[in-house]
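# A closer look at the structure
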Amino acid sequence: MRAHDNAKGGGGAPPPPAPEGYRTVLDGPEIDRALTRIAHEVLERTKGGRDVALLGIPSRGVPLARRLAERIERVEDLRVPVGSLDITMYRDDLRLAPARALGRTEIPDGGLDDHVVVLVDDVLFSGRTVRAALDALGDLGRPRAVQLAVLVDRGHRELPIRADYVGKNLPTSLREGVTVCLAENDGRDAVLLGPARDRARPGAERRPETEGAGS
Amino acid sequence: MRHLLSSGDLTRDEATLILDTAAELARVSDRSVKKLPTLRGRTVVNLFYEDSTRTRTSFELAAKRLSADVINFSAKGSSVSKGESLKDTALTLQAMGADGVVIRHSASGAPHRLSHWVDGSVLNAGDGTHEHPTQALLDAFTMRSRMGRLEGLRVAVVGDITHSRVARSNVLLLTTLGAHVTLVAPPTLLPVSVHTWPCEVSYHLDDVLPKSDVAMMLRVQNERMHESYFPSVREYSRNYGLDAERLACMPPDAVVMHPGPMVRGVEVSAEVADSPRCTVTEQVANGVSVRMAVLYLLLGGS
C-alpha cells in the first residue's frame, strides 16, 4: 500500500488517502509544522539549546530526533548532538513475548554527562517506554536534566510521566490505535488513527502497519 | 528456539539474528556500566563436566552482564565425584529452578539427553567430539566483523578435525550462512563420515591457503588421542602448521583464527600468533557478546 504513496504531501500536492479503516490525523505539512514548533520550544526552554543532546527511541523516534536537530541548526545555527537509545533490554514486558530483536543505541561523542538530554519518540501512550528509557539513561551517564518530546500524546498513561514537548495532543479510545508513518521508514509522512492493535485488544489480529506506534 | 544444542539446528535467519543481537550487545562492553537488567531474577547454571577456562568464564560473564544469577557447577568437588548420574544432577538443578543450563560434557550428545530432562533452556558448551555451537557463532561473528561479510567467504579449517567439535559446528554454521569451508588435515585426522559434511576436503595446506580468506587453525587434541595419528609433532607442524612464510601466501586481508588454547610452534608459529592478522583475543572478546545474545534470545522472552 505504501509503495504507491510515495508522494510526501508537501507543497500543493494533495495528501495521499489514508488506508481503509484509518483516518489521517496529521499530514506531512502538519508534522513539519509541529516539529518546527517543538524545535523552537526546545531552544526557548534550554536557553538557546546549550548542552542539549537529542536521543531518539527506535525505530521512529530516531528520524524524528534527526529532523529536530536539522531544524534547531536552521534556527539557531547550532549543531546539537543526536543519538539513539534502544530500550528493548530495559522493557518491563520482555517476558510476555518472544525475545525481540534489538535496535541501535548510539551515544553521541562527548557522552551524556551534564547534558540536557531530550528523549524523542513518536507516540506517548502508557509511558512504559519512557520509563525504560530513563532506566537505560541511568546506565549510560548522568545528564543534567532529561526532557521528553513526542509527536503524538494519545493519553492513557499508566505511569506518572508527562511530555515536555508535544506535537499534537490526540485524545483516543483504547479501541483505537495510532500509527506514525515517516518518510525515512515508511516512504511518507502521516499520523493515522485506526483500529487498535493486539496490545489494547487482546486476541485481535496483529496488523503490520501499526507496529510502529510506540507505547 | 528453545535450546542451543547444535549449530546445525539454526536457520540462516536465526543465526543472523544472533549475530546482529551480538553486534548490538558488543557495545555494552564499551560503556562504563557494563550491565543490563534483562535477565534479572533468572538463574543460569554452568554445568561443566570437562575442564574449561575460556568458555566457562565467558558464559559466566555473559550471564552476569545480563543480571542473571549464575551457579557454577564443576564435576570436581561435587556429587558427581561421589557417583551421581547426569540425570540425577539434572533433576537436582531442575528442583532449584534453573532457567538455563550451560553444559559441557565429555560425552557427545549429553546436552541433547539433558534437554529432555529439564524444563529450562539447554545450551551446549561443547559435548565430546560432537559440537560447540557458541564457538562457531563467535567465530562467524569475528569473521563478519573483520571481513564485513560471510556470504562467499572462503574458510580453511586446518588440523585435528576428527577430535574437534569446533570444526563440525563451524562447518554447519558457516555453510548455513553462505561461506565455503575447506577442511585441511592429514587423512588420519579426518573423521570417517567427512564426505557427508557440506564442505570440501584437502590434504594439502599449501594448495588451499592462497584461496582462503580465513585460516582457522585447530589444536591437536592429544588428550583425546589413544593412538598415534601422525609420525611426529615436528612433521605435523611442517605440513599443517601456519608460519609467517605460509601466511604470506594468503590474500593480504586474510586473517588467522584459533579457538584456543593455542599451542605455539605446533599449529601456529609464535610470529603468526602475535601478528595483527591473528584474531585470537578478538575471538575471546566476541565470545562474551555472542553468549550474551544467545542467553538473551533463549531466556529473555516468554
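As the structure is a prediction and not an experimental result, all values here were calculated from the model. Residue indices begin from 1 for each chain and proceed along its sequence in written order. The lettering of chains begins at A and the numbering of ligands begins at 1, in the order of writing. Totals for whole chains, interfaces and linings use all residues, but because this is a predicted model, local features are given only for residues with pLDDT of at least 70 and pairs of side-chain atoms are given and counted only at 80 or more. Side-chain measures were taken over the full set of non-hydrogen atoms in the model, leaving aside hydrogen atoms and water.

## Regarding the overall build of chain A
Filter applied, for reference: Runs of E in the DSSP output that reach at least two residues are strands. Runs of H or I that reach at least four are helices, and both are numbered from the N terminus. Relative accessibility thresholds used throughout: buried, under 20% of the residue-type maximum; exposed, over 50%; partly exposed, between the two (1.4 Å probe, protein chains only). Only heavy atoms enter the contact rule, under which two residues are in contact if any of them lie within 4.5 Å. The accessible surface values rely on the Shrake-Rupley method and a 1.4 Å probe; as for residues, cover is taken only from the protein chains in view.
Looking only at helices and strands, chain A has 4 helices and 8 strands in total. Helices (α) and strands (β) of chain A occur, in sequence order from the N terminus, as β-α-β-α-β-β-α-β-β-β-α-β. A buried classification covers 51% of the 215 residues belonging to chain A. Pairs at least 24 residues apart make up 67% of the contacts formed inside chain A by residues separated by at least 6 positions. Entry remark: accessible area of chain A is about 10200 Å², with carbon and sulfur atoms responsible for 47%.

## Quick notes on the overall build of chain B
So the rule is basically this: Asp and Glu count as negative and Lys and Arg as positive, but His and the ends of the chain are not part of the count. Lysine's charge is taken at NZ, arginine's at CZ, aspartate's at CG and glutamate's at CD.
In terms of regular secondary structure, chain B is built from 11 helices and 9 strands. Taking the principal axes of the C-alpha coordinates as reference, chain B spans close to 55 × 45 × 35 Å. Per-residue burial for chain B yields a buried fraction of 58% across its 302 residues. Put simply, 76% of the contacts in chain B that link residues at least 6 apart link residues at least 24 apart. Accessible area for chain B stands at about 12400 Å²; split by element, carbon and sulfur atoms hold 51% of it. Across chain B, the 32 positively charged side chains and the 33 negatively charged ones have centroids separated by 5 Å.

## Describing the side chain of B:Gln221
Within the secondary structure, B:Gln221 is located in the loop between strand E8 (214-217) and helix H8 (233-240). The residues contacting B:Gln221, other than those within four sequence positions of it, are B:Asp160, B:His163 and B:Ser164.

## Topic: the sheet that holds strand E5 (residues 154-158) of chain B
All names here are of chain B. Note the threshold: Two strands pair under a simple rule: DSSP has to find at least two bridges between them. Where helices are involved, their axes are fitted lines through C-alpha atoms of the stretch in contact, as for all axes, and angles between N-to-C directions lie from 0 to 180°.
With parallel pairing, 5 strands are arranged side by side in an open sheet as E7-E6-E5-E8-E9. Edge positions in the sheet fall to strand E7 (200-202) and strand E9 (255-257), since each has one partner strand and no second. Taking each pair of neighbouring strands and ignoring which way they run, the sheet shows an average axis angle of 25°. One ladder, built from 4 bridges, connects E5 with E8; its direction is parallel. Looking across to E8, one finds that Val155 is bridged to Val214. Against the sheet, helix H5 (residues 133-147) makes contact with E5, E8 and E9, and its axis sits at roughly 165° relative to E9, the strand it touches most.

## A look at the packing of aromatic side chains
We apply this condition: For Phe, Tyr and Trp, where Trp contributes only its six-membered ring, two rings pair if their centres lie within 6.5 Å, and the inter-plane angle classes them as stacked under 30 degrees, edge-to-face over 60, or tilted in between. Any Lys NZ or Arg CZ that is within 6 Å of a ring centre and within 35 degrees of that ring's normal is treated as a charge sitting over the ring.
Counting across every chain of the model gives 2 aromatic pairs over all chains. For the cation-ring pair, A:Arg154 lies above A:Phe125, with the distance from its terminal atom to the ring centre recorded as 3.9 Å. The lysine or arginine in question, B:Arg291, covers the ring of B:Phe59, its NZ or CZ lying 5.1 Å from the ring centre.

## A look at the layout of surface pockets
Residues and elements named next belong to chain B. Here is the rule we go by: Points on a 1 Å grid over protein atoms alone make up a cavity when a 1.4 Å probe fits among them but cannot get out, and a pocket when they form an open set with protein on both sides within 12 Å along at least five of seven lines; lining residues each have an atom within 4 Å of a point. Grid points are joined across faces, edges and corners, and a volume is the space filled by probe spheres set on the points. Three classes are used, and their members are as follows: Ala, Val, Leu, Ile, Met, Phe, Trp, Tyr, Cys and Pro are nonpolar, Asp, Glu, Lys and Arg are charged, and the others, Gly among them, are polar. A domain assignment, automatic or from a database, supplies the domain bounds used here.
Considering only enclosed or pocket space, the second largest pocket measures out at about 520 Å³ in volume. In terms of lining residues, the second largest pocket is bounded by 27 residues, among which Arg104, Arg165, Arg219, Gly260 and Pro261 are the most central. Residue contributions to the lining of the second largest pocket peak at 4 residues, all from helix H11 (residues 280-299). Taken together, the residues that form the lining of the second largest pocket break down as 7 nonpolar, 11 polar and 9 charged. A domain split of the lining of the second largest pocket shows at least three residues from each of domain 1 (7-131 + 284-299) and domain 2 (133-279).

## Focus on the sheet that holds strand E6 (residues 165-169) of chain A
Residue and element names in this part refer to chain A. A sheet is described by the order of its strands in space; here 5 strands give the open sequence E3-E2-E4-E5-E6, paired in parallel fashion. Strands with a single pairing partner mark the edges of an open sheet, and in this sheet they are strand E3 (82-84) and E6. Pairwise comparison of adjacent strand axes, ignoring direction, gives a mean angle of 25° for this sheet. The sheet strands contacting helix H3 (residues 128-140) are strand E2 (52-56), strand E4 (116-124) and strand E5 (145-153), and the helix crosses E4 at an angle near 155°.

## Describing the packing of H5(B) against helix H6 (residues 165-176) of chain B
Residue and element names in this part refer to chain B. For clarity, the threshold we go by: Angle categories: roughly parallel below 35 degrees, roughly antiparallel above 145, roughly perpendicular from 65 to 115, and oblique for all the rest. Each crossing is labelled by how the near helix is turned from the far one, with a counterclockwise turn of less than a right angle marking it left-handed and a clockwise turn marking it right-handed.
Look at H5 against H6: their axes get within 8 Å of each other, and the N-to-C directions meet at 55°. The pairing of H5 with H6 is recorded here as oblique in orientation. When you trace H5 past H6, the crossing you get is right-handed. Counting all contacts with H5, which are made through Pro133, Gln135, Ala136, Leu137, Asp139, Ala140 and Met143, the residues of H6 involved are Val166, Ser169, Asn170, Leu173 and Leu174.

## Topic: the interface of chain B and chain A
Applied cut-off: The term buried area refers to how much accessible surface (probe radius 1.4 Å) is lost by two components on association, counted for both of them together. Counted as salt bridges are all cases of a side-chain nitrogen of Lys or Arg within 4 Å of a carboxyl oxygen of Asp or Glu.
Contacts between the two partners involve 21 residues from chain B, matched on the other side by 18 residues from chain A. Buried area between chain B and chain A, both sides added, is near 1600 Å², and the carbon and sulfur share of it is 52%. The largest share of the area that chain B buries against chain A comes from B:Glu24, B:Arg27 and B:Tyr296, three residues that together contribute 32% of it. In this assembly, chain B and chain A are joined by 3 salt bridges. A salt bridge links A:Asp139 to B:Arg31; the nearest nitrogen and oxygen atoms lie 3.9 Å apart. The set of elements that each furnish at least two residues to the side of chain B that touches chain A consists of helix H1 (12-26) and H11 of chain B.

## Topic: the packing of helix H2 (residues 54-65) of chain B against H11(B)
Residue and element names in this part refer to chain B. Two numbers describe how H2 lies on H11: the axes approach to 8 Å, and their chain directions differ by 55°. Considered as vectors, H2 and H11 are oriented oblique to each other. Between H2 and H11 lies a crossing whose hand is right-handed. Residues Arg54, Thr55, Ser58, Phe59, Leu61, Ala62, Ala63 and Arg65 of H2 form the contact with H11, whose own contacting residues are Val284, Gly287, Val288, Arg291, Met292 and Leu295. Residues belonging to the contact of H2 with H11 are distributed by class as follows: 8 nonpolar, 3 polar and 3 charged.

## Here's the deal with the pattern of salt bridges
Applying the stated criterion across every chain yields a total of 29 salt bridges over all chains. Between A:Arg37 and A:Glu41 there is a salt bridge, with the nearest N and O atoms lying 3.1 Å from each other. Residue A:Arg37 and its partner A:Glu41 are located together in helix H1 (residues 28-45), separated by 4 residues, close to a single helical turn. Overall, the relative accessible area of 34% leaves A:Arg37 in the partly exposed class. On the basis of relative accessibility, which here comes to 25%, the residue A:Glu41 falls in the partly exposed class. In this structure, B:Glu24 engages A:Arg104 in a salt bridge whose closest nitrogen and oxygen atoms are separated by 2.9 Å. Here B:Glu24, found in helix H1, pairs with A:Arg104, found in the loop between E3 and E4, and the two come from separate chains. Accessibility expressed as a relative area gives 14% for B:Glu24, which makes it buried.

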